[in-house]
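Each chain, letter by letter, is given below.
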Amino acid sequence: MATERERAREPEELARLWVERANEGDAEGMAALYEPDAIMAFPIGQDHYGRDAIQKAFEGMLAKFSYFPMEKSLPTLRLDDIALTSSVPQDNSRGRYQVARRQPDGTWLRVLHSSGYFGEPT
């Protein structure tokens, strides 16, 4: 039986939940933060379509990296049920941004995510 995971009540909470689940090695939980048909670019030029493909990408990432720091968030830009979030990367990436959409139940999920180029941690 799957446990009920915390859901983002605000788009800014998605980053914290992502980091917590990444540091727990929970690729399935990380992918649960995305809409079923979301798209993630990781790294730039390699797109992953849908939650299953995103989860597989996270499984590969977690096989290489085991710690993810919480990055400084930049101001969120909102328009109705859409939000653009971003953070200042602490690794060798060239930028990180996400588009989230409010769900019918009021929670938020990512629909677009670009992590930029992901190099070796500094």
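Report follows, based on the coordinates. The model shown is predicted, which means the values in this text are computed figures rather than measured ones. (Residues numbered from 1 in each chain as written. Predicted model: local features only at pLDDT ≥ 70, side-chain atom pairs only at ≥ 80, totals over all residues. Heavy atoms only, no water.)

1. A few points about the packing of aromatic side chains
Taken as a whole and judged by the stated rule, the model has three aromatic pairs. Here Trp18 and Phe58 contribute two aromatic rings whose centre-to-centre distance is 5.7 Å and whose plane-to-plane angle is 75°, an arrangement assigned as edge-to-face. A residue pair is termed long-range when its members are at least 10 positions apart, and Trp18 in helix H1 (residues 13-23) and Phe58 in helix H3 (residues 51-64) qualify at 40 residues. Looking at Trp18, the relative accessible area reads 12%, which means it is buried. Look at Phe58 and you get buried, because its relative accessible area is 1%. Ring centres 5.8 Å apart and planes at 50° place the aromatic pair Tyr34 and Phe58 in the tilted group. Of this pair, Tyr34 sits in strand S1 (residues 34-41) while Phe58 sits in helix H3, placing them 24 residues apart in sequence. Each member of the aromatic cluster is reached from another via a ring pair, and the members are Trp18, Tyr34, Phe58 and Phe68. (Phe/Tyr/Trp six-rings, centres within 6.5 Å; stacked < 30°, edge-to-face > 60°. Helix = DSSP H or I, 4+ residues; strand = E, 2+ residues; numbered from the N terminus. Buried < 20%, exposed > 50% of the residue type's maximum accessible area, 1.4 Å probe, protein only.)

2. Considering the environment of Pro69
When you line up the elements, Pro69 lands in the loop between H3 and strand S3 (72-73). For Pro69, the residues in contact, after removing those within four places along its chain, are Val19 and Gln90. (Contact = heavy atoms within 4.5 Å.)

3. With respect to the nonpolar core
Of all hydrophobic cores here, the largest spans 24 residues; its most connected members are Trp18, Tyr34, Phe58 and Met61. The set of elements that each furnish at least two residues to this core consists of H1, helix H2 (27-31), S1 and H3. Here Trp18 is in contact with Met30, Leu33, Tyr34, Phe58, Met61, Phe68, Arg110 and His113, once residues within four sequence places are set aside. (Core = buried A, V, L, I, M, F, W, Y, C linked by side-chain atoms within 4.5 Å.)

4. A word on the environment of Ala57
Turning to its location among the elements, Ala57 is positioned in helix H3. The sequence separation of Ala57 and Ala31 amounts to 26 residues, and the corresponding C-alpha distance is 9.4 Å.

Just distances and angles here, no functional claims.
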